[in-house]
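Given next are the chains, with one letter for each unit.
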Amino acid sequence: MAMYVLFEHASGFGLFSVKEFEEISMLQSQVEKNVTEFGKFAGLIKLHAFSPFKSGANALDNMNCISEGLLHDDLKLFLDTNLSERRENNIRGRDSKIGAAIQEELGITCQTSGVASEIIRGLRYHFPRFVKGLSDQSQSKAQLGLGHSYSRAKVKFNVHRVDNMII
Amino acid sequence: TGGGFRGGIKVYVEPHRLSGVFIARGKEDALVTLNLVPGNEVYGEKKIAVQDGENKVEYRAWNPFRSKLAAAILGGIDNIHMKPGSKVLYLGAASGTTVSHVADIVGPEGLVYAVEFSHRSGRDLINVAKKRTNIIPIIEDARHPHKYRMLVGMVDTIFADVAQPDQARIVAINAHHFLKNLGHFVISIKANCIDSTAQPEAVFAGEVKKLRSEQLKPEEQLTLEPYERDHAVVVGTYRAPAKGKKDEDE
């Protein structure tokens, strides 16, 4: 069964395929050992698909869903398009709520525990090197733009300047 | 670096031991940072302009009574692990006053991901970030880093001043997401935010223990007297290899 990892970034969605190991604990130790070196990490994880956001507004729309744990239509379409033999597949991600939605709506097994968090750390280290046309600078620009629009929207509707304490 | 100052008093600015931090020597010495946006001030702080050869260079005074990081530096902290080019995740950014000095320190090649949950302070933070484009404002709860995972890359250092009882856990969960292996953390701990009945020393010891259990190895602890009461700053390394343990790779 092929394993994929979903990585959500300010510039778009990335789907990565993971080298197969007989034992998941083998994979875990390999990832931990090689996470900081791109060459070795890239021997374990390959970019399968990348879909950039179409605009700033589109990125914000997706970010709002991600932060609330909702499956956006763009993400649904992205996974549907790029995982054709879906029952054979197994995705790892960072969010159990979105994982449950993926499983329910697309029928793809989705796990969020264990090795996923370490692989995602590695992807956060090296993401610009996996995606053509992305650089450290352009990734910061995407984060900056999205950080401003997301944060502005958060405080915008709070006209009384009072804090919203949501516990 | 040297030069004149209004009123004829000579002010000299010299680099501090910590890279990116400076000291202005005049009538009174002051901790300063190099203003990333000359002419711009953030919270009414004093600006100090000095002539550096042909160029005029502007610094901003950094008040240790208003900033725990400044208090720690003047208290003689060994390292803040922030220097030109660093990427810093700043938890508890408030209105962005200290954040603006961190932005000066890391400079145009660095980045500050500034997280603040309060909308009231958040507005000010966003405005500070409009002028200083190496600050990425994130109005969100630092307890839930998965909510802002799309916005943050791997960082060299996490600074935390969240004044919450579960602060150690907040720093740990953010470190697991975003802090590089062998990256550093700098945490300001206010004793009575954690436990208002216990002795401050006992509270600090308890927090240090919690950090250890999350692969956050404390290496230095400093109280912030005389600038703050019952405050400590703890600095350490994430995922530091165990002492004496050899590399098992080959």
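Values in this document were obtained by computation on a predicted structure and should not be read as measured data.

About the criteria used
- Residues numbered from 1 in each chain as written.
- Chains lettered and ligands numbered in written order.
- Predicted model: local features only at pLDDT ≥ 70, side-chain atom pairs only at ≥ 80, totals over all residues.
- Heavy atoms only, no water.
- Helix = DSSP H or I, 4+ residues; strand = E, 2+ residues; numbered from the N terminus.
- Expected span 1.5 Å × (residues − 1).
- Buried < 20%, exposed > 50% of the residue type's maximum accessible area, 1.4 Å probe, protein only.
- Contact = heavy atoms within 4.5 Å.
- Pairing = 2+ DSSP bridges.
- Axes fitted to C-alpha atoms, helices over the stretch in contact; angles between N-to-C directions.
- Arc of directions from axis to C-beta.
- Buried area = accessible area lost by both parts, 1.4 Å probe.
- Salt bridge = Lys/Arg side-chain N within 4 Å of Asp/Glu carboxyl O.
- Polar contact = N/O pair within 3.5 Å; in protein donor to acceptor, adjacent residues only side chain to side chain.
- Nonpolar A, V, L, I, M, F, W, Y, C, P; charged D, E, K, R; others polar.

Draft legend 1. Expanded view of helix α7 (residues 136-156) of chain A. If you check α7 of chain A, its first and last C-alpha atoms are 30 Å apart, about what 21 residues at 1.5 Å a residue would give, namely 30 Å. The complete set of buried residues in α7 of chain A reads Gln 139, Ser 140, Gln 143, Leu 144, Leu 146, Gly 147, His 148, Ser 149, Tyr 150, Ser 151 and Val 155 of chain A. In this fold, the buried residues of α7 of chain A make contact with β1 (2-9), α3 (56-68) and α6 (115-130) of chain A together with β7 (111-116), α3 (119-131) and β8 (135-139) of chain B.

Draft legend 2. View of the sheet that holds strand β1 (residues 12-15) of chain B. Residues and elements named next belong to chain B. The 5 strands are arranged β1-β2-β3-β5-β4 in an open sheet whose pairing can be described as antiparallel. The outermost strands of the open sheet, each flanked by one partner alone, are β1 and β4 (47-52). For this sheet, the mean inter-axis angle between neighbouring strands, taken without regard to orientation, is 40°. Here strand β3 (residues 30-34) pairs with strand β5 (residues 55-61) via 3 bridges, running antiparallel. If you follow Thr 33 over to β5, its bridge partner there is Arg 60.

Draft legend 3. Local environment of helix α6 (residues 200-212) of chain B. Residues and elements named next belong to chain B. Compared with an ideal rise of 1.5 Å per residue, which puts 13 residues at 18 Å, α6 spans 19 Å between its outermost C-alpha atoms and is within 8% of the ideal. Those residues of α6 lying buried are Pro 200, Val 203, Phe 204, Glu 207, Val 208 and Leu 211. One side of α6 holds all its buried residues, which, seen down the axis, span an arc of 135°. Away from the buried face of α6 by more than 90 degrees, exposed residues Glu 201, Lys 209 and Arg 212 are located. Looking at the buried side of α6, the elements it contacts are α4 (167-178), β10 (179-190), α5 (191-194), β11 (216-223) and β12 (231-238).

Draft legend 4. Summary view of the interface of chain A and chain B. On the side of chain B, 37 residues touch chain A, which itself brings 36 residues to the contact. Taken over both partners, the interface formed by chain A and chain B buries close to 3500 Å², and the fraction arising from carbon and sulfur atoms is 53%. Here chain A and chain B share 5 salt bridges between them. Here Glu 118 of chain A makes a salt bridge to Arg 239 of chain B, at a shortest N to O gap of 2.9 Å. Applying the counting rule to chain A against chain B returns 17 residue pairs in polar contact (both at pLDDT 80 or more). Those elements that provide at least two residues to the side of chain A that touches chain B are β1, α3, α6 and α7 of chain A. If you tally residues by element for the side of chain A that touches chain B, the top one is α7 of chain A, at 11 residues. For the side of chain A that touches chain B, the per-class residue count stands at 14 nonpolar, 10 polar and 12 charged.

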